[in-house]
Amino acid sequence: MILVVLENQRGKIHPFSIESVVAGQKIAKSLNQPLSIVCVGDNIDNIHESAKQFECNELILASHPLLKTYSADGFSKIMIDLIKSYSPKYCIFGHSYMVRDYVPRVSANLSIPFISDITSINLSSQNIQFSKQVFNAKLLSRIENESTNGCLLSFQSAAFSSDELLQGAPKKVTNFEINLNDSDIRSTTEEEFQESSSGVDLSTAELIVSVGRGIDNQDNIPIAEDLAKALGAELASSRPVVDMGWLPPFRQIGSSGQTVSPKLYFALGISGAIQHVVGMKGSKNIIAINKDEEAPIFEIADYAVIGDLLEIVPLLTEELRKR
Ligand SMILES: Cc1cc2nc3c(=O)[nH]c(=O)nc-3n(C[C@H](O)[C@H](O)[C@H](O)COP(=O)(O)OP(=O)(O)OC[C@H]3O[C@@H](n4cnc5c(N)ncnc54)[C@H](O)[C@@H]3O)c2cc1C
């Protein structure tokens, strides 16, 4: 069987988990294996309600008051127990902060491999191939699992699109009996980390206007802000803009910033360096404005505007305001 683990993000299914359900549905279909989905946490009624609409064979509920706040001890213990009782061929997660923290413990405890931060899979090869970026996204490595005792997988945001989620109803719902005591949890947990202290969650934004070094200086940032406002979009940036202090760090997109997959990503004066692209390549539509027609961003852009952003963007904003 294939097991997908849903993460409870403040009462909602974490968007990365929805994408991992898509991965699970595809892998299960390709291997002709049953698919189970597990909701883990305390007070999982909301995520259970949403998960009831996903096509799968079984929905497993693993709820316990000691899972109210995250702890690597608690979550890894539950996961180890779940894997021991279900023996899934693949156990699938979204590559969230929590997963980065506790899943390596599960892997070490059970002596099964963990292929993390996967960006794509090849289901047509005899053995499934998992691709992930290495050397700061300069190379792509392909990995095949040879373990017969199961394997843990985590998928990078936007490796799969939630638009491809198959709706349906689980054939059965099972309560998983949890055996967890206070003494199992040896660490104390600090307040939950939020993607940004400002409350801006770029990872769930549908429209993003992102600004790069091509904006030239801090005084021009309002040009991008005005476009964002006219579109109802969030403002983001490449790293140099943050390094120069023109925008705060929580707005940075890329390998050392946030990963986003909006419906529309406006790249203004961004060259398209790989460290930036890894954070936004999952965007459904990319419009790039750049005065260099050879800028690498145009290789992934759906719409390429070759020209000076300082001239084009104010005109665009003006037109949008007329709507
Ligand atoms: C370890 C490491 C981690 C990194 N992490 C990140 C990360 O998380 N995010 C990130 O973004 N970068 C990251 N970088 C930096 C990355 O390598 C690039 O340097 C950076 O993305 C470039 O930003 P940029 O496109 O804004 O600037 P540039 O590469 O300088 O590009 C500016 C672009 O603007 C265009 N331009 C100039 N003027 C105009 C104009 N008037 N109108 C239109 N276009 C114009 C130019 O043609 C050019 O293409 C990282 C680097 C390292 C080594």
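Residues numbered from 1 in each chain as written. Predicted model: local features only at pLDDT ≥ 70, side-chain atom pairs only at ≥ 80, totals over all residues.

This part is about the packing of helix α5 (residues 221-231) against helix α9 (residues 309-321). For the pair α5 and α9, the least separation of the axes is 9 Å and the interaxial angle reads 25°. In this view, α5 runs roughly parallel relative to α9, as classed from their interaxial angle. Considering how the two elements wind past one another, α5 and α9 form a crossing that is left-handed. Where α5 approaches α9, its residues Ile223, Ala224, Asp226, Leu227, Ala230 and Leu231 are matched on the opposing element by Leu310, Val313, Pro314, Leu316, Thr317, Leu320 and Arg321. For the contact of α5 with α9, the per-class residue count stands at 10 nonpolar, one polar and two charged. (Axes fitted to C-alpha atoms, helices over the stretch in contact; angles between N-to-C directions. Helix = DSSP H or I, 4+ residues; strand = E, 2+ residues; numbered from the N terminus. Parallel < 35°, antiparallel > 145°, perpendicular 65-115°, else oblique. Left-handed = near helix turned anticlockwise from the far one by under 90°. Contact = placed C-beta atoms within 7 Å. Nonpolar A, V, L, I, M, F, W, Y, C, P; charged D, E, K, R; others polar.)

The next subject is helix α3 (residues 72-86). If you check α3, its first and last C-alpha atoms are 21 Å apart, about what 15 residues at 1.5 Å a residue would give, namely 21 Å. All buried positions along α3 are accounted for by Gly74, Phe75, Ser76, Lys77, Ile78, Met79 and Leu82. Here the buried face of α3 lies against β4 (35-41), β5 (58-63) and α4 (97-110). The first or second residue beyond α3 is serine 87, which carries a positive phi of 45°. (Expected span 1.5 Å × (residues − 1). Buried ≥ 20, exposed ≤ 12 C-beta atoms within 10 Å, placed from the backbone.)

Positive phi, close to 45°, is recorded for arginine 10, a residue that is not glycine. Mapped onto the fold, arginine 10 is located in the loop between β2 (8-9) and β3 (12-13). With 8 C-beta atoms counted inside 10 Å, the residue arginine 10 sits in the exposed group. With phi around 55°, asparagine 43 is a residue other than glycine that occupies positive phi space.

Before going further, it helps to spend a moment on the domain arrangement of the chain. Each assigned domain of the chain is listed with its residue range as follows: domain 1 (2-184) and domain 2 (202-321). Relative placement of domain 1 and domain 2: their C-alpha centres are 32 Å apart. Contacts between the two partners involve eight residues from domain 1, matched on the other side by 10 residues from domain 2. Split into classes, the residues belonging to the side of domain 1 that touches domain 2 amount to three nonpolar, four polar and one charged. (Domains from an automatic or database assignment.)

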